[in-house]
Amino acid sequence: MSVYFESTIENHLAIAVTELSHADEIFELLYNDQENIGQFLGFVALTKTKEDEVNYIKKKMHGIADGTDALFSIIRDNHIVGVIGLHYIDSENKKAEIGYWLHSKFQHQGIMTKSVRKICEYAFENIGLNKLSLFADVENIGSNAVAKHAGFSYLATHPDYYVHRGQLRDMNEYYLLKREF
């Protein structure tokens, strides 16, 4: 697997800037675990072909160039197991949102919590951000646990925050400030 930039989290675990060459592997992960990942994330239903994944990565690459996004593949033992990124980077106000997903085969092993901590380190130390937000569906027990284990503080529950699979869903919002990291 080619990687332009990689940051080690621990032995056998790292995050690497997502490249177009990662599209096939990412698409296969999504396709093979679409029911699990798509349970709370709407983009999964929109990712029907490898070309859809390529187009998403290209879109995020434009965001990286514009300073509004950062997208990383989570790599364990030289294989992609998930994706994590910074979205809506606002350099002027020094804030961004974190988004992520992990194939179910690799959940409940601390991988995502460690990856979130690493992306926080990157955001605070390399980009100079001060505040990170993380949103989790109220019924997504795993994602809410990741937020708490990664040191985020609960801010609020937003009722009817978004529509997923035709239903209005509530979201929990968490935040982490640089001084608390």
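Everything that follows concerns the structure shown earlier in this document.
Residues numbered from 1 in each chain as written. Predicted model: local features only at pLDDT ≥ 70, side-chain atom pairs only at ≥ 80, totals over all residues. Heavy atoms only, no water.

Undergrad: So what exactly am I meant to see when it comes to unusual backbone geometry here?
TA: Most peptide bonds are trans, and most residues other than glycine sit at a negative phi. Phi is positive for Asn78, close to 65 degrees, though the residue is something other than glycine. As for its placement among the helices and strands, Asn78 is situated in the loop between β3 (70-76) and β4 (79-90). Relative accessible area serves as the criterion here: at 64%, Asn78 is assigned to the exposed category. Within the chain, Asp160 stands out as a residue other than glycine whose phi angle is a positive 50 degrees. Accessibility expressed as a relative area gives 48% for Asp160, which makes it partly exposed. (Helix = DSSP H or I, 4+ residues; strand = E, 2+ residues; numbered from the N terminus. Buried < 20%, exposed > 50% of the residue type's maximum accessible area, 1.4 Å probe, protein only.)

Undergrad: Would you mind going over the packing of aromatic side chains with me for this structure?
TA: The description of two aromatic rings rests on the distance between their centres and on the angle between their planes. Under the counting rule described, the total for this entry stands at 5 aromatic pairs. Relative to Tyr31, the ring of Phe27 lies with its centre 5.9 Å away and its plane at 25 degrees, an arrangement referred to as stacked. You can see Phe27 and its partner Tyr31 sitting in helix α1 (residues 23-32), 4 residues apart, about one turn around the helix. Phe27 gets classed as buried once you look at its relative accessible area, which sits at 8%. Under the relative-accessibility criterion, Tyr31 is labelled partly exposed at 48%. Centroid distance Phe72 to Tyr122: 5.2 Å. Interplanar angle 75 degrees. Geometry classified as edge-to-face. With Phe72 in strand β3 and Tyr122 in helix α5 (residues 111-127), this residue pair connects regions lying 50 residues apart in the sequence. For Phe72, a relative accessible area of 2% gives the class buried. Of the residues examined, Tyr122 reaches a relative accessible area of 23% and is grouped as partly exposed. (Phe/Tyr/Trp six-rings, centres within 6.5 Å; stacked < 30°, edge-to-face > 60°.)

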